Amino acid sequence: MTMNDDAPLFSLFWENSKLNARTAPGFAERLDEDARAATQVAQLFHPGADRALRRPDDPLARVMAQRESRRAFRPAPLSEAQLGSLFYAFAHKPGAGRLLPSAGAKYPIEVFALLFDERAIVYYNGDTHALSVVGPAPSWDEVAPSVGLTLEGAPSALFVFVAFPGRVTGRYGERGGRFLLIECGQHAQSLALRVAHENLAGVEAGGLHDEPFKRWLRLDRTDAAIALGYAVGT
Ligand SMILES: Cc1cc2nc3c(=O)[nH]c(=O)nc-3n(C[C@H](O)[C@H](O)[C@H](O)COP(=O)(O)O)c2cc1C
């Protein structure tokens with residue numbers, strides 16, 4: 001990401017939190033240390049009796065309940081119907097508006113994917129619910145060192161959520177940095193629900209290395225920030 005005059009501290013934060021081949025081993029060591037130390041997730045307790053809530057029993061609740069991170073993939077490719085279903089997570093509504101909200105309707109997140117079955121890198125066009133081909137995709141084995149996931153087998157696709165900070169920081173300054181990360185999470189959750197609905201396997205990838213992905217996606221001369229990955233397969 002180039003220095004952004006509307007949000008210089010966010011630019012600095014982004015630079016400092018980047019991973020690359022040099023910094024990734026230290027990051028992995030830190031995760032191992034945390035895994036050894038962490039025993040319980042913190043929870044908040046309040047005095048007084050809790051008011052019980054009813055659990056919904058509806059189709060949406062059942063899809064939500066099926067969502068989980070799955071890290072083992074079979075070699076079977078994704079079908080056209082499954083691809084259409086997965087990308088629909090980010091579609092625009094016919095007419096106006098989109099399935100996902102965006103602060104100030106600035107839409108700072110764009111969705112790309114590396115489709116390993118057909119060795120293509122694609123960009124998702126939510127208006128037409130169509131894929132534009134960006135170029136040929138490297139193999140999963142080539143990208144894996146820049147993804148930071150430990151998987152069984154190879155995924156069929158790696159979705160990449162790319163943020164264009166200038167779209168939100170022009171309006172919101174530094175606070176725009178928060179919004180684009182929030183919106184990235186909304187994209188990931190929407191995809192997670194489609195993955196669950198299709199009974200596919202998938203997991204978020206928080207450790208993508210910015211620079212190689214910017215090169216693969218042909219974004220190296222832009223202010224694009226590689227925000228999050230999501231591996232999906234059968
Ligand atoms: C922002 C984010 C980044 C993540 N990155 C990774 C990752 O790099 N590798 C991985 O194995 N899991 C990753 N996960 C998945 C979490 O480990 C997983 O959600 C958590 O263990 C809870 O399990 P569940 O998703 O099955 O409920 C990530 C999740 C989130 C929300």
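Coordinates for the structure precede this section.
To start, this report covers the structure provided alongside it. If you're wondering where the values come from, they're calculated on a predicted model, not measured in any experiment.

This paragraph deals with the packing of aromatic side chains. Counting across every chain of the model gives 12 aromatic pairs. Arranged with centres 5.7 Å apart and planes meeting at 40°, the rings of F10 and F13 form a pair that is tilted. In this pair, F10 and F13 are both assigned in helix α1 (residues 8-16), 3 residues apart and thus about one turn of the helix distant. Consider the rings of F213 and W216, whose centres lie 5.0 Å apart with planes at 85°: the pair is edge-to-face. Here F213 and its partner W216 are both found in helix α8 (residues 210-216), 3 residues apart, which amounts to about one turn of the helix. For F213, a relative accessible area of 0% gives the class buried. Looking at W216, the relative accessible area reads 23%, which means it is partly exposed. Ring pairs connect the aromatic residues F87, F90, Y124, F159 and F161, which therefore count as one cluster.

This brings us to the side chain of S102. Within the secondary structure layout, S102 lies in the loop between α4 (80-87) and β1 (109-115). By relative accessible area, S102 is classed as buried at 15%. Among the polar contacts listed, one links the side chain of S102 to the backbone nitrogen of Y107, at a separation of 2.8 Å. Not counting chain neighbours up to four residues away, the residues in contact with S102 comprise Y107, P108 and E183.

Conventions adopted
- Residues numbered from 1 in each chain as written.
- Predicted model: local features only at pLDDT ≥ 70, side-chain atom pairs only at ≥ 80, totals over all residues.
- Heavy atoms only, no water.
- Phe/Tyr/Trp six-rings, centres within 6.5 Å; stacked < 30°, edge-to-face > 60°.
- Helix = DSSP H or I, 4+ residues; strand = E, 2+ residues; numbered from the N terminus.
- Buried < 20%, exposed > 50% of the residue type's maximum accessible area, 1.4 Å probe, protein only.
- Polar contact = N/O pair within 3.5 Å; in protein donor to acceptor, adjacent residues only side chain to side chain.
- Contact = heavy atoms within 4.5 Å.

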